[in-house]
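# Observations on the three-dimensional arrangement
What follows is the residue order along each chain.
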Amino acid sequence: MAALACINRVLLRAAELDWESASLDTLEEIKDRLEGATPCASHDGAALRGTLTALRSATSRLNAVADVMKTPTDFSHRMPVLVTSASAIVGQVAKLRNGKH
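All values reported here derive from a predicted model rather than from experimental measurement. (Residues numbered from 1 in each chain as written. Predicted model: local features only at pLDDT ≥ 70, side-chain atom pairs only at ≥ 80, totals over all residues. Heavy atoms only, no water.)

What follows covers the nonpolar core. Leu 27, Leu 34, Met 79 and Leu 82 are the most contacted members of the largest nonpolar core, which has 27 residues in total. Among the elements of the structure, helix H1 (2-17), helix H2 (22-35), helix H3 (45-67) and helix H4 (72-98) are those that each provide at least two residues to this core. Looking at this core element by element, the count peaks at nine residues for H4. In contact with Leu 82, other than residues within four places in its own chain, are Val 10, Leu 27, Leu 62, Val 65, Ala 66 and Met 69. (Core = buried A, V, L, I, M, F, W, Y, C linked by side-chain atoms within 4.5 Å. Buried < 20%, exposed > 50% of the residue type's maximum accessible area, 1.4 Å probe, protein only. Helix = DSSP H or I, 4+ residues; strand = E, 2+ residues; numbered from the N terminus. Contact = heavy atoms within 4.5 Å.)

Below is the structure:
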């Protein structure tokens, strides 16, 4: 999953910069939730397309924020947006997993 790879990249970059924040713990929790996600097999086609579109959009926002996070200042300013985008992805994945889209 692209979102999981993006989160891992941000966590590694934060470690390289020695940047610490409670937001990293939140991001780790989101990562754990995404790693355990398994989509439900039964889906309504139109609803599934809508959920996948929302998931792609949230993943694009996550990647856009992560791409500009290169310095500790970037992390300080952009981490809240990144966590919000990652949380949106968890919500969309939960819909897929539970078949409630």
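A few words on the pattern of salt bridges. The final tally for this structure, using the stated rule, is three salt bridges. For Arg 78, the salt bridge identified is with Asp 74, shortest N-O distance 3.1 Å. With Arg 78 and Asp 74 both in helix H4 and four residues apart, this pair spans about one turn of that helix. Exposure remark for Arg 78: the relative accessible area of 31% places this residue in the partly exposed category. (Salt bridge = Lys/Arg side-chain N within 4 Å of Asp/Glu carboxyl O.)

Turning next to H2. Between the first and last C-alpha of H2 there are 20 Å, a value that for 14 residues agrees with the 20 Å anticipated at 1.5 Å per step. Where H2 is concerned, the buried positions are Leu 24, Leu 27, Ile 30, Lys 31 and Leu 34. Projection of H2 onto a plane perpendicular to its axis shows the buried side chains occupying an angular sector of 115°, all on one side. In H2, the exposed positions that point more than 90 degrees away from the buried face belong to Ala 22, Asp 25, Glu 29 and Arg 33. On its buried side, H2 packs onto H1 and H4. For H2, the side-chain oxygen to backbone nitrogen distance between the N-cap and Ser 23 is 3.1 Å, and the N-cap itself is Ser 21. (Expected span 1.5 Å × (residues − 1). Arc of directions from axis to C-beta. Polar contact = N/O pair within 3.5 Å; in protein donor to acceptor, adjacent residues only side chain to side chain.)

Attention now goes to unusual backbone geometry. Residues apart from glycine generally show negative phi values, whereas peptide bonds are mostly found in trans. A positive phi angle, near 60°, is found at Asp 18, a position not held by glycine. Turning to its location among the elements, Asp 18 is positioned in the loop between H1 and H2. For Asp 18, a relative accessible area of 65% translates into the label exposed.

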